[in-house]
Amino acid sequence: MRGFLVAVMVLGAVSAAHAADMPDLPILRGGFADGLSASRVNWEGFYVGGQGGLGTSDMDFTGATKDLATKLLFDTAIQNAGDVSDWPLGGKVSTHGHGFGAFAGYNAQWEDVVLGLELSYMHGSFGGSQTDSMTRIFTDSNGTTDTVTYQADGSVKLTDMASARLRAGYAWGIFLPYAFGGMALGQADIVKTASIYGTQVGTGFNVPFYLSATDAQNSRFVYGYSWGLGVDVMLMSGLFLRGEWQYSRYAASIDTAVNTFHVGLGYKF
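Residues numbered from 1 in each chain as written. Predicted model: local features only at pLDDT ≥ 70, side-chain atom pairs only at ≥ 80, totals over all residues. Heavy atoms only, no water.

1. Notes on the overall build of the protein
Move 1: For the protein, the count of helices and strands is four helices and eight strands.
Move 2: Walking the protein from its N terminus toward its C terminus, one meets helices and strands in the order α-α-β-α-α-β-β-β-β-β-β-β.
Move 3: Scored against the burial criterion, the 269 residues of the protein give a buried share of 42%.
Move 4: Within the protein, residue pairs in contact and separated by at least 24 positions form 73% of the contacts whose partners lie at least 6 positions apart.
Move 5: Carbon and sulfur atoms provide 62% of the accessible area of the protein, an area that totals close to 13900 Å². (Helix = DSSP H or I, 4+ residues; strand = E, 2+ residues; numbered from the N terminus. Buried < 20%, exposed > 50% of the residue type's maximum accessible area, 1.4 Å probe, protein only. Contact = heavy atoms within 4.5 Å. Areas by Shrake-Rupley, 256 points an atom, 1.4 Å probe, with all protein chains shown as cover.)

2. Digging into the pattern of salt bridges
Between side chains of opposite charge, pairing is possible as soon as their charged atoms come close.
Move 1: Tallied over the entire structure, the rule returns 10 salt bridges.
Move 2: Between aspartate 232 and arginine 167 there is a salt bridge, with the nearest N and O atoms lying 3.2 Å from each other. Taken together, the residues span a long stretch of sequence, with aspartate 232 in strand β6 (residues 205-236) and arginine 167 in strand β4 (residues 145-170) at a distance of 65 residues.
Move 3: We classify arginine 167 as buried; its relative accessible area is 5%.
Move 4: The network of salt bridges with shared partners includes Glu118, Arg165, Arg167, Asp232, Arg242 and Glu244. (Salt bridge = Lys/Arg side-chain N within 4 Å of Asp/Glu carboxyl O.)

3. Here's the deal with unusual backbone geometry
Move 1: Of note, aspartate 83 is a non-glycine position whose phi angle comes to about 45 degrees, a positive value.
Move 2: Classification of aspartate 83 by relative accessible area gives partly exposed; the value is 42%.
Move 3: Although it is not a glycine, glutamate 111 adopts a positive phi angle of roughly 55 degrees.
Move 4: With respect to the helices and strands, glutamate 111 occurs in the loop between β2 (92-110) and β3 (113-139).
Move 5: Its relative accessible area of 60% is what places glutamate 111 among the exposed residues.

4. Points about the packing of aromatic side chains
Aromatic ring pairs are defined here through the distance separating the ring centres and the angle between the ring planes.
Move 1: With the rule as written, the count across this model stands at 14 aromatic pairs.
Move 2: With centroids separated by 6.3 Å and ring planes inclined at 55 degrees, the aromatic side chains of tyrosine 47 and phenylalanine 103 adopt a geometry described as tilted. One end of the pair, tyrosine 47, is in strand β1 (residues 45-60); the other, phenylalanine 103, is in strand β2, and 56 residues separate them in sequence.
Move 3: Judged by its relative accessible area of 2%, tyrosine 47 falls in the buried class.
Move 4: Connected via pairs of aromatic rings, a cluster forms that spans Trp43, Tyr47, Phe103 and Phe240.
Move 5: Positioned over the ring face of phenylalanine 103 is arginine 242, at 4.1 Å from the centre of the ring. (Phe/Tyr/Trp six-rings, centres within 6.5 Å; stacked < 30°, edge-to-face > 60°. Lys NZ or Arg CZ within 6 Å of the ring centre and 35° of its normal.)

Here it is in structure tokens:
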């Protein structure tokens, strides 16, 4: 976020220096200098653009495989004595990713106030994985000594992310700072595996056991909400540069949120 603010300040300084050094001469309409010196830029109309982005995925795997472990050990002496499915496995993981995509929208303008509707899309690699395990020894109701290891594996891979958003901005010279909010949509591969293994030792026997179950949701449609801040900078007639920060949170079996910073180039018709 600090880098984003520095970039905006640098662009403002460059624009101010350019305007100060410009001679008082007639300039052809539609030229580059004309776009920079205009008192009010017309942002109204349809626009399209391309973008690239870097981001951080934050996932919480806490208890992600509890339902699988509960089914594996349903009504067993091990579960009744050790409450294995309730063991505190999993935690928060953050990973970095990147992607590219496009955006398109429409702006309506009233003097300096700009309101719009936009669709934004990113294709890339976001998400992460985690493996956690715990071992305990206890005696169950049958008098058997159980040595039990519970291992939880989880992964989230987001390949496609989109948002349908409402934008509100304020035109300030060649700059259009804005805020937005709306619905987040995505396609993800979500895989969870619970593995429970160990030994049961009693009078005259020592029996190993191994149980495992996997829930794989490939190309899963996920949804949630998205909001963020950005700024568009008009470079010349219709052509603008964009910098944007976006936060998206998805309602999925593994809690997932993605923070991304986008840089794009667009054209307003």
